[in-house]
Amino acid sequence: MHYVASGSLSLGSLGLLRLFGASWSWSLAAGLGVYLGTGGWRYLYVVVRTAKRDINGLYVLLRVKLALWLHIRNRNTIPSIFSKTVARHPDKPALVYEATGETWTFSQLDQISNAVAHWALSQGWTSGDVVALFMESRPLQVALWLGLAKVGVEAALINFNLRRDSLLHCVGVSASRALVFGAELADAVSEVSFSLSATMVRFSTGDLSPDQMAALKCHPLDSILASAPRHPPPCTVSKGFSDRLFYIYTSGTTGLPKAAIVVHSRYYRIAAFGYHSFRMRPDDVIYDCLPLYHSAGNIMGVGQCLIHGLTVVVKKKFSASRFWEDCIKHNCTVVQYIGEICRYLLSQPVRPSERQHRVRLAVGNGLRPSVWEAFMERFGVKQIGEFYGATECNCSIANMDGKVGACGFNSRILPNVYPIRLVKVNEETMELVRDKQGLCVPCQPGEPGLLVGRINQEDPLRRFDGYASQDATRKKIAYNVFKKNDSAYLSGVEGKAGMAAIADSTGNFNCNSFLKEVQHALPPYARPVFLRISPCVDTTGTFKIQKTRLQREGYDPRLTTDQIYFLNSRAGRYELVTEELYNAFEDGSISL
């Protein structure tokens, strides 16, 4: 608004001088002087510094938006887009399974997914039915959800780290009619077998003995698919680009995982933004060491294969010691990372292979600024493609100009082209701060805040499809954010579990017993890294927990008389945090 006022004042000065007979040159000079003198120079400075970045961002936005519009008009889906990719590259490698070296061409992936579609039809499943997939990363996982999508059946991609209650919750919240699981997860399925619905049919893939299959009441999927037809299934699906493709679950670090709805247009949007924002190429080979139950691995990674025809190397599980050797072996030019992967690679001993690869681009999110430049310099990776955005959000951003430490940008020149904003929140209650008109208060440059995106269900870039749970969906929507009667998506943060504060007035809390329980109930990433044992937990006058003080004190034992424990995952126990151990965390000699 300040820039608008400066511009109005300068134009007014220009008109006034012309009215009094001043020449155009003098009038323009005077108007410019007024504009600059009233603060307009700041806007010009911003324009000069960000114009190239913003123009590039606008080009990517318009390109993706046009493609989305065409796909919606033509009622395309991800399977129909993939069929065109197959026609362009029938014999090109599509997916490579690093664990075995097995390579599937685009034609082979198409044929195997066709077999999946025929199997689904033989089960009587119809458009809108849901099938849960529970397995470690492998090409078959892609063929399964893709084949199901060909006949309108939606996959629920379940985190293979989940156990017991969390696993049952994820299967149940999606209303899955069937469960397909990998043999490597037979024990996890066995733990919940008697709690699963009797009507839920089960299939296994991989090596299981007849006795194991009988105990789990499952059918051998591999042999079923081997005998299924490989030609395209009959065209019985009426789904379009705005209809559901599959479900991807949130991490569950702040509660039970939520089943986020991924529609066909969202899948395309995420993959296309990644491809164009980071200037990927048709001949790129992507090293995908991220789990395929999540959007980073299955959309940002595998999506480049299905939509743009790139070859993707699927790694069963991330290995820091094998990372660069794998990239050399498969001639990878793009790698994916998330969270602390880059730091894990930097902590590895120096080896010749780390500079003998062809990788030019690393794509992901969560890269710390302190690791960014060290990663590029040591490993010779020329470009970092950092981005931010939850699977379900409508406010994804990307770092298109390589600014170290940035996860993206919002244009200061054309802020309404992509209507997202950082807004102020009360740090204690995390409630939105509002002005006298009841609207949210935007943050100034450099201020922390909550990222929000204006919702428009008619725009595939702005829509918010939410979760399988309507209640969970409602909690992610705020109203009267940018203007009266609008609605916006609230980003929040579902990050790594940090510290659990536990009230123990008796002094009998047992860390070992607690750890055994959480190991059974929670996946590794959701287990508290720190425990803080207090006689009581402080609350506000309205009986809300005083989280702000606990967050401020962190795990520094010098700031509290409470006992603080650290989860030593290698030793398999919680250890008391002493001042010496705290200093080791701070200087990096012990990693968190």
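Residues numbered from 1 in each chain as written. Predicted model: local features only at pLDDT ≥ 70, side-chain atom pairs only at ≥ 80, totals over all residues. Heavy atoms only, no water.

Per an unreviewed UniProt entry, the chain goes by Very long-chain fatty acid transport protein and derives from Cyprinus carpio. According to the UniProt record, the Sequence similarities (unreviewed entry) comment for the chain reads "Belongs to the ATP-dependent AMP-binding enzyme family." (UniProt positions renumbered as here; feature names shortened; annotations may be inferred.)

**Q** Any chance you could explain the overall build of the chain here in plain terms?
**A** Tallying secondary structure elements over the chain gives 18 helices and 23 strands in all. Counting across all 592 residues of the chain, residues that qualify as buried make up 51%. Within the chain, counting contacts between residues at least 6 apart in sequence, those at least 24 apart form 69% of the total. Accessible surface computed for the chain: about 28,200 Å², of which carbon and sulfur atoms make up 55%. (Helix = DSSP H or I, 4+ residues; strand = E, 2+ residues; numbered from the N terminus. Buried < 20%, exposed > 50% of the residue type's maximum accessible area, 1.4 Å probe, protein only. Contact = heavy atoms within 4.5 Å. Areas by Shrake-Rupley, 256 points an atom, 1.4 Å probe, with all protein chains shown as cover.)

**Q** Just to check I follow, could you spell out the layout of surface pockets for this structure?
**A** In this approach a probe as big as a water molecule rolls over the atoms, and the regions it shows empty are the leftover space. Quantified by volume, the second largest pocket comes out at close to 390 Å³. In terms of lining residues, the second largest pocket is bounded by 16 residues, among which Trp 104, Arg 138, Leu 140, Thr 205 and Asp 222 are the most central. Those elements giving two or more residues to the lining of the second largest pocket turn out to be β2 (102-105), α4 (106-122), α5 (139-150) and α9 (221-226). For the lining of the second largest pocket, the element with the most residues is α9, which contributes three residues. Class assignment for the residues of the lining of the second largest pocket results in eight nonpolar, two polar and six charged. (1 Å grid on protein atoms, 1.4 Å probe; cavity = no way out; pocket = protein on both sides within 12 Å on 5 of 7 lines; lining within 4 Å. Points joined across faces, edges and corners; volume = space filled by probe spheres on them. Nonpolar A, V, L, I, M, F, W, Y, C, P; charged D, E, K, R; others polar.)

**Q** Looking at this model, I keep getting lost on the nonpolar core. Mind explaining?
**A** Within soluble globular proteins, side chains that are nonpolar tend to cluster in buried spots. Formed by 115 residues in total, the largest nonpolar core has its most connected members in Trp 119, Phe 134, Trp 145, Phe 246, Tyr 267 and Leu 306. Broken down by element, this core gets its largest block of residues, eight residues, from α5. When neighbours within four sequence positions are excluded, Trp 119 is seen to be in contact with Trp 125, Leu 144, Leu 148, Val 180, Phe 203, Leu 221, Ile 224 and Leu 225. (Core = buried A, V, L, I, M, F, W, Y, C linked by side-chain atoms within 4.5 Å.)

**Q** Mind showing me how you'd approach the environment of Ala 178 here?
**A** Counting through the fold element by element, Ala 178 comes out in strand β5 (residues 178-182). For Ala 178 and Gln 123, which are 55 residues apart along the polypeptide, the C-alpha to C-alpha distance reads 9.8 Å. When near neighbours in sequence (up to four residues on either side) are disregarded, Ala 178 contacts Trp 125, Val 130, Val 131, Ala 132, Met 200 and Val 201.

**Q** Explanation requested: α5 in the structure shown.
**A** The end-to-end C-alpha distance of α5, which contains twelve residues, comes to 17 Å, matching closely the 16 Å that a straight helix rising 1.5 Å per residue would cover. Looking at the residues trailing α5, positive phi occurs at Gly 152, about 80°. (Expected span 1.5 Å × (residues − 1).)

**Q** Would you mind showing me how to read a nonpolar patch on the surface here?
**A** On the surface, Leu 66, Trp 69 and Leu 70 cluster together into a nonpolar patch covering about 300 Å² of accessible area. Among the secondary structure elements, Leu 66 is positioned in helix α2 (residues 24-73). (Patch = residues over 30% accessible without salt bridge, like charges linked within 9 Å, V, L, I, M, F, W, Y side chains within 5 Å. Salt bridge = Lys/Arg side-chain N within 4 Å of Asp/Glu carboxyl O.)

**Q** Explain the environment of Lys 315 to me, please; I cannot follow it from the model alone.
**A** The topology assignment puts Lys 315 in the loop between β11 (311-314) and α12 (323-329). Each C-alpha atom of the pair Lys 315 and Arg 138 lies 7.5 Å from the other, and the pair is 177 residues apart in sequence. Excluding its chain neighbours within four sequence positions, the residues that come into contact with Lys 315 are Glu 98, Ser 137, Tyr 287, Asp 288, Cys 289, Arg 322 and Asp 326. Of the polar contacts made by the side chain of Lys 315, one reaches the side chain of Glu 98; its length is 3.1 Å. (Polar contact = N/O pair within 3.5 Å; in protein donor to acceptor, adjacent residues only side chain to side chain.)

**Q** Sorry, what's going on with the sheet that holds strand β19 (residues 487-490) here?
**A** Ordered by their spatial adjacency, four strands build an open sheet running β16-β17-β19-β18, and the pairing between neighbours is antiparallel. The sheet is open, and its two borders are formed by β16 (420-423) and β18 (477-479), each paired with just one other strand. Neighbouring strand axes in the sheet, compared pairwise and without regard to direction, differ in orientation by 35° on average. As judged from the three bridges shared by β18 and β19, these two strands associate in the antiparallel manner. What sits directly across from Ala 478, in β19, is Ala 488. (Pairing = 2+ DSSP bridges. Axes fitted to C-alpha atoms, helices over the stretch in contact; angles between N-to-C directions.)

**Q** What is the right way to read the packing of α4 against α5 from this model?
**A** The geometry of a pair of packed helices is captured by two quantities: the angle between their axes and the separation between those axes. The N-to-C vectors of α4 and α5 enclose an angle of 60°; their axes lie 7 Å apart at closest approach. Taken as axis vectors, α4 and α5 run oblique relative to one another. The crossing of α4 and α5 is right-handed. Touching Leu 109, Asp 110, Ile 112, Ser 113, Asn 114, Val 116, Ala 117, Trp 119 and Ala 120 of α4 are Ala 143, Leu 144, Leu 146, Gly 147, Leu 148 and Lys 150, all from α5. Looking at side-chain class alone, the contact of α4 with α5 contains ten nonpolar, three polar and two charged residues. (Parallel < 35°, antiparallel > 145°, perpendicular 65-115°, else oblique. Left-handed = near helix turned anticlockwise from the far one by under 90°.)

**Q** Can you help me understand the sheet that holds strand β10 (residues 285-288) in this one?
**A** Pairing within the open sheet is mixed, and its eight strands lie in the order β2-β1-β11-β10-β12-β13-β14-β15. At either end of the open sheet lies a strand with only one pairing partner, and these are β2 and β15 (397-398). Looking at chain direction, β10 and β11 are connected through four bridges and run parallel. Paired with Val 285 across the two strands is Thr 311, which belongs to β11. In the packing of α4 onto the sheet, the strands contacted are β1 (93-97) and β2, and the crossing angle to β2 comes to about 85°.

**Q** Teacher, can you tell me more about the packing of aromatic side chains here?
**A** For any pair of aromatic rings, the description rests on two quantities: the centre-to-centre distance and the angle between the ring planes. A complete count under the given rule lists 26 aromatic pairs for this structure. For the ring pair Phe 530 and Phe 566, a centre distance of 5.7 Å and an interplane angle of 45° mean the geometry is tilted. A residue pair is termed long-range when its members are at least 10 positions apart, and Phe 530 in strand β21 (residues 530-534) and Phe 566 in strand β22 (residues 563-568) qualify at 36 residues. The structure contains a cluster of three or more aromatic residues connected by ring pairs, namely Tyr 287, Phe 318, Phe 323, Trp 324, Tyr 344, Phe 375 and Phe 379. (Phe/Tyr/Trp six-rings, centres within 6.5 Å; stacked < 30°, edge-to-face > 60°.)

**Q** Looking at this model, I keep getting lost on the side chain of Ser 265. Mind explaining?
**A** Following the sequence through the fold, Ser 265 ends up in helix α10 (residues 264-277). Residue class for Ser 265 comes out buried when judged on its relative accessible area of 1%. Not counting residues within four places of it along the chain, the set of residues in contact with Ser 265 comprises Leu 68, Phe 241, Pro 460 and Arg 463.

**Q** What am I meant to see in empty space enclosed by the protein here?
**A** The final tally for this structure, using the stated rule, is one cavity of 30 Å³ or more. If you add up the space inside the largest cavity, you get close to 30 Å³. Contributing to the lining of the largest cavity are Gly 339, Glu 340, Cys 342, Arg 343, Gly 366, Leu 367, Arg 368 and Val 371.

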